[in-house]
Amino acid sequence: MSKRPLTPEDLWQIPRVGRAAPSPDGTLLLVPVTTHDLEENRGRTRLWLHESGRKPRALTAADADASQPRWSPDGTRIAFVRQDDEKKSQIFVLDLRGGEAQAITACEEGATDPRWYPDGKRIAFAMRVRVHEKEERAYVSEERVPRFWDRWLTDGLRWHIATVSAEGGDVTDLMPRFRSRMTVQSPEGGWDLAPDGKEIVFSAMRSKPKARTRWGLYRLRAGKKPELLDTPGWDAWRPRYSPDGRQVLFGWAADDPSWARQSRLATLDRKSGRVQTLADKWTLSPLEWEWSGTDALCLADVEGRVGLFRVSRRAQPFELRRGGTYTGLTPAAGRVFTTHSSLKRPWEVVSCAADGSDERRETRHTAAAIKSFQLGKVEDVTFRGADDAPVQMFLVHPPKPRKKQKLLHLIHGGPHGHFGDIWHPRWCAQAFAAQGYLCACVNFHGSKGWGDAFANSIVGAWGDKPYRDIMAATDWLIEKRGVDKKRMAVSGGSYGGYLTTWITTQTNRFACAVNHAGVCDKQTQFGSEIPENQGTQAGGDLWSGEESQAALDRYNPLRHVGGIKTPTLILHGEQDYRVPYIQALQLYNILQLRRVPTRIAIYPDENHWILKPANSVHWYGEFLDWLKRWMNS
């Protein structure tokens with residue numbers, strides 16, 4: 001069968017595989033798999049049961065979302081989350097020995113993240129409760145963070161931990177008078193139940209509403225108020241009890257105004273309260289972690305990948321696996337289960353032995369879809385960037401390369417993220433490469449995975465070293481990979497949109513630019529839902545005098561728009577509170593007034609990310625049409 005290039009529509013025909021839940025004995029595997037329907041403009045998630053030697057089978061219906069599966073201690077039942085008739089998420093239990101799934105909660109504001117007690121008779125979960133009445137006429141707040149991502153936090157709702165019988169019945173709120181926020185997002189992963197079932201530890205906001213935001217760990221025991229634990233640093237999060245229940249593993253970070261601050265791992269002795277930081281000389285930051293015996297396993301950004309590491313109290317971290325990107329870390333029965341992808345392979349579940357050996361592919365949900373497509377070659381190269389420092393980038397080639405390559409820079413956000421060896425449906429390098437573009441994914445100064453110094457080198461100077469890195473990469477690509485100087489484009493989202501716009505203020509060497517949800521004015525960006533540390537990142541503020549204001553403007557694209565001549569496409573979600581869409585309107589209006597060729601597309605039902613299938617296809621269409629228009633395709 002002849003293969004064909006990948007299209008944006010095809011991205012929505014590839015199933016998306018979620019975090020696996022292995023049974024207690026490791027012989028069975030539950031996997032959430034999401035499929036999408038472009039006509040209905042939505043996706044649905046089903047739970048699939050995998051057993052060695054047998055064909056996977058769906059456990060849940062195709063017409064109802066199901067997620068977050070959790071095995072009972074004896075492996076005979078599963079608890080999971082599914083929407084009820086009112087479109088609220090509730091906890092359901094399914095007996096694998098027979099019968100239909102039964103709802104065991106009917107919480108007014110929904111329930112999520114179930115955990116079984118060790119006796120299998122009760123289930124702990126998170127639910128939303130109202131701690132004060134919602135103001136109907138306006139969004140009213142005195143809190144430091146009145147809104148987050150794409151919703152206002154003025155509805156009076158808070159996440160609490162509750163319990164219910166595994167057979168259903170009355171729900172007990174374990175923290176009825178607790179008013180602090182457990183999270184401003186989903187509580188999944190932010191708390192844990194002790195192996196003996198006698199206490200719960202969770203992360204929650206420990207600062208006062210008007211104070212600078214700070215997160216800590218709380219211990220919750222039956223009949224008692226939550227107790228704030230003594231943890232190091234400014235923030236502490238993601239607690240995990242050890243298998244013997246004696247220790248709590250958690251992440252913490254120091255009081256550092258830089259968004260590039262390093263996270264660390266520590267253990268808290270449950271009896272004595274003693275805290276011990278692990279791997280205190282490690283320069284990487286763990287992303288997620290779980291216990292494996294007496295040691296910890298964690299995932300961390302490392303040189304454009306996400307690797308698997310073992311961390312002990314007596315030694316520095318040891319790398320077990322690297323290659324592509326791992327997520328969804330779950331140890332069970334002597335093996336480690338994760339989901340894995342790369343720039344050439346969508347997400348699937350894999351497992352390996354506890355020492356990192358014997359990696360196996362556990363699922364093949366995407367195999368049938370992906371086999372039809374001709375994917376481009378991926379290169380991992382290093383060049384000399386700003387200050388002659390080594391800088392890494394991935395190159396994704398067109399399936400049918402040209403002698404004179406058309407270049408498309410895909411600039412990552414953060415800025416302290418990276419463009420990794422990962423299958424990325426929203427910014428799929430293979431989908432762009434399939435249209436004939438050599439995609440350059442530069443991990444410029446500021447990117448995570450190369451140590452603290454590299455990440456912090458751009459704080460207060462967003463437009464300096466990253467700009468020079470992109471220019472050096474462009475020169476290298478012209479010399480080493482035959483790029484056509486007249487057919488080059490630059491694009492990016494969030495910080496990547498900022499850097500795209502900054503580049504166009506400094507040079508006219510690119511045929512066109514695409515800015516998605518990008519910062520164009522650092523002053524306006526104080527309207528973000530995370531105003532804390534904006535001044536540090538931007539290099540200055542508006543209230544500390546003329547010198548500070550001048551520093552704020554030094555790398556502010558809006559103060560340098562007189563140099564822009566590059567045709568620019570601007571894409572943004574109207575519900576984006578991370579980078580408010582006024583940023584897009586400002587840039588569009590200014591470039592229109594200056595008669596620079598400009599086009600704008602605002603998605604009224606999207607946030608910082610374009611997530612709905614039909615919107616995504618339209619977004620890719622706008623993007624690719626703009627490239628064709630200005631690169632003479």
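Residues numbered from 1 in each chain as written. Predicted model: local features only at pLDDT ≥ 70, side-chain atom pairs only at ≥ 80, totals over all residues. Heavy atoms only, no water.

Colleague: What is the right way to read the overall build of the chain from this model?
Modeller: Secondary structure summary: the chain contains 10 helices and 39 strands in total. Over its C-alpha atoms the chain spans a radius of gyration of 25 Å, differing by no more than 12% from the 26 Å that the globule rule assigns to 633 residues. Overall, the C-alpha framework of the chain stretches about 70 × 65 × 55 Å when taken along its three principal axes. Taking all contacts inside the chain whose residues are at least 6 apart in sequence as the whole, residues at least 24 apart take part in 57%. Accessible area for the chain stands at about 26800 Å²; split by element, carbon and sulfur atoms hold 47% of it. Computed over 90 positive and 76 negative side-chain charges, the inter-centroid distance for the chain is 4 Å. (Helix = DSSP H or I, 4+ residues; strand = E, 2+ residues; numbered from the N terminus. Rg over C-alpha atoms; globule rule 2.2 N^0.38 Å. Contact = heavy atoms within 4.5 Å. Areas by Shrake-Rupley, 256 points an atom, 1.4 Å probe, with all protein chains shown as cover. Lys, Arg positive; Asp, Glu negative; His and termini not counted. Charge placed at Lys NZ, Arg CZ, Asp CG, Glu CD.)

Colleague: Which parts of the structure should I look at to understand unusual backbone geometry?
Modeller: Leave glycine aside and you will find that most residues have negative phi; peptide bonds, for their part, are mostly trans. Pro415 follows Gly414 through a cis peptide bond whose omega is 5°. Checked against the element boundaries, Pro415 lands in the loop between β34 (405-411) and α3 (429-433). Positive phi values are uncommon outside glycine, yet Arg238 reaches one of about 50°. Secondary-structure assignment places Arg238 in strand β20 (residues 235-241). What makes Arg238 buried here is its relative accessible area of 12%. One non-glycine residue, Glu303, adopts positive backbone phi at about 50°. Positionally, Glu303 belongs in the loop between β25 (295-302) and β26 (305-311). (Buried < 20%, exposed > 50% of the residue type's maximum accessible area, 1.4 Å probe, protein only.)

Colleague: For this particular structure, what's the right way to read the sheet that holds strand β36 (residues 483-493)?
Modeller: Two modes of strand pairing occur in sheets, parallel and antiparallel, and in both the strands are linked by backbone hydrogen bonds. Pairing is mixed in the open sheet, where eight strands are placed in the order β32-β33-β35-β34-β36-β37-β38-β39. A single partner strand is all that each edge strand has here, and the edge strands are β32 (378-384) and β39 (598-603). Averaged over all neighbouring strand pairs, the angle between strand axes comes to 20°, with direction disregarded. Two strands pair when backbone bridges link them, and β36 and strand β37 (residues 512-516) are joined in this way by five bridges, in the parallel orientation. (Pairing = 2+ DSSP bridges. Axes fitted to C-alpha atoms, helices over the stretch in contact; angles between N-to-C directions.)

Colleague: Looking at this structure, I do not really get the sheet that holds strand β19 (residues 227-228). What am I missing?
Modeller: The sheet built from four strands is open, its strands ordered β16-β17-β18-β19 with antiparallel pairing. Edge positions in the open sheet fall to β16 (191-193) and β19, since each of these has one partner strand only. Relative to strand β17 (residues 199-205), β16 runs antiparallel, the two sharing three bridges. What sits directly across from Trp191, in β17, is Phe202.

Colleague: When you look at the environment of Thr501 in this model, what are you seeing that I'm missing?
Modeller: Residue position: Thr501 is located in helix α6 (residues 495-506). Accessibility expressed as a relative area gives 3% for Thr501, which makes it buried. Residues Thr501 and Arg240, spaced 261 residues apart in sequence, show a C-alpha to C-alpha distance of 42 Å. If we ignore the near neighbours within four places in the chain, the residues touching Thr501 are Asn515, Pro557, Ile564 and Leu587.

Colleague: Help me understand the pattern of salt bridges in this model?
Modeller: A side chain of one charge can pair with a side chain of the opposite charge when the charged atoms of the two come close. Tallied over the full model, the rule gives 44 salt bridges. Residues Asp387 and Lys465 are paired through a salt bridge, measuring 3.4 Å at the closest nitrogen-oxygen approach. Residue Asp387 is found in the loop between β32 and β33 (390-396), and its partner Lys465 is found in helix α5 (residues 465-480); the two are separated by 78 residues along the sequence. On the accessibility criterion, Asp387 (52% relative accessible area) is exposed. Residue classification places Lys465 among the buried positions, given a relative accessible area of 18%. A salt bridge links Arg468 to Asp387, with the shortest nitrogen-to-oxygen separation between them at 3.0 Å. Residue Arg468 is found in helix α5, and its partner Asp387 is found in the loop between β32 and β33; the two are separated by 81 residues along the sequence. We classify Arg468 as partly exposed; its relative accessible area is 30%. Salt bridges linked by common partners bring Arg19, Arg238, Arg240, Glu288 and Glu290 together as one network. (Salt bridge = Lys/Arg side-chain N within 4 Å of Asp/Glu carboxyl O.)

Colleague: I'm lost on the side chain of Arg77 in this one. Help?
Modeller: Looking at the element boundaries, Arg77 is found in strand β7 (residues 77-83). Buried and unpaired, Arg77 has Glu167 as its nearest opposite-charge partner, separated by 4.1 Å. A distance of 3.0 Å separates the side chain of Arg77 from the backbone oxygen of Gly120, its partner in a polar contact. Discounting residues that sit within four places of it in the chain, Arg77 has contacts with Arg70, Trp71, Ser72, Val93, Leu94, Asp95, Leu96, Trp116, Gly120, Ala166 and Glu167. (Polar contact = N/O pair within 3.5 Å; in protein donor to acceptor, adjacent residues only side chain to side chain.)

Colleague: Please explain the environment of Asp25 as it appears in this structure.
Modeller: Mapping Asp25 onto the fold places it in the loop between β2 (21-22) and β3 (28-37). At a separation of 2.8 Å, a polar atom in the side chain of Asp25 contacts the side chain of Ser23. A polar contact of 2.8 Å, which involves the side chain of Asp25, links it to the side chain of Thr27.

Colleague: Would you mind going over the packing of α5 against α6 with me for this structure?
Modeller: Two quantities define a packed helix pair, namely the angle between the helix axes and the distance between the axes. The N-to-C vectors of α5 and α6 enclose an angle of 75°; their axes lie 10 Å apart at closest approach. Here α6 runs roughly perpendicular to α5, going by the angle between their axes. On α6, the residues that touch Pro466, Tyr467, Ile470 and Met471 of α5 are Tyr495, Leu499, Trp502, Ile503 and Gln506. Broken down by class, the residue content of the contact of α5 with α6 amounts to eight nonpolar, one polar and no charged. (Parallel < 35°, antiparallel > 145°, perpendicular 65-115°, else oblique. Nonpolar A, V, L, I, M, F, W, Y, C, P; charged D, E, K, R; others polar.)

Colleague: Please explain helix α9 (residues 582-593) as it appears in this structure.
Modeller: Because the α-helix completes a turn every 3.6 residues, residues three or four places apart line up on one side. The end-to-end C-alpha distance of α9 is 16 Å, a good match for the 16 Å that 12 residues give at a rise of 1.5 Å each. Considered for burial, the residues of α9 that qualify are Gln583, Ala584, Leu587 and Leu591. When α9 is viewed along its axis, its buried side chains cluster within an angular range of 100° and face the same direction. Where α9 is buried, its residues meet α6, β37, β38 (568-573) and β39. A positive backbone phi angle near 65° is found at Arg595, which sits one or two residues after α9. (Expected span 1.5 Å × (residues − 1). Arc of directions from axis to C-beta.)

Colleague: Teacher, can you tell me more about the packing of aromatic side chains here?
Modeller: The geometry of two aromatic rings is summed up by the distance between their centres and the angle between their planes. All chains considered together, the criterion is met by 25 aromatic pairs. A ring pair is formed by Phe178 and Tyr218, whose centres lie 5.2 Å apart and whose planes are at 75°; its orientation type is edge-to-face. Residue Phe178 is located in the loop between β15 (172-173) and β16, and its partner Tyr218 is located in strand β18 (residues 215-221); the two are separated by 40 residues in the primary sequence. Just as Phe178 is buried, Tyr218 falls in that class too. A centroid spacing of 5.5 Å and a plane angle of 65° characterise the contact between Trp502 and Tyr555, whose relative ring orientation is edge-to-face. (Phe/Tyr/Trp six-rings, centres within 6.5 Å; stacked < 30°, edge-to-face > 60°.)

Colleague: Teacher, can you tell me more about the environment of Leu499 here?
Modeller: Relative to the elements of secondary structure, Leu499 occurs in helix α6. Look at Leu499 and you get buried, because its relative accessible area is 0%. In the structure, Leu499 is positioned 21 residues away from Cys520 in sequence and 8.9 Å away in space, judged by C-alpha atoms.

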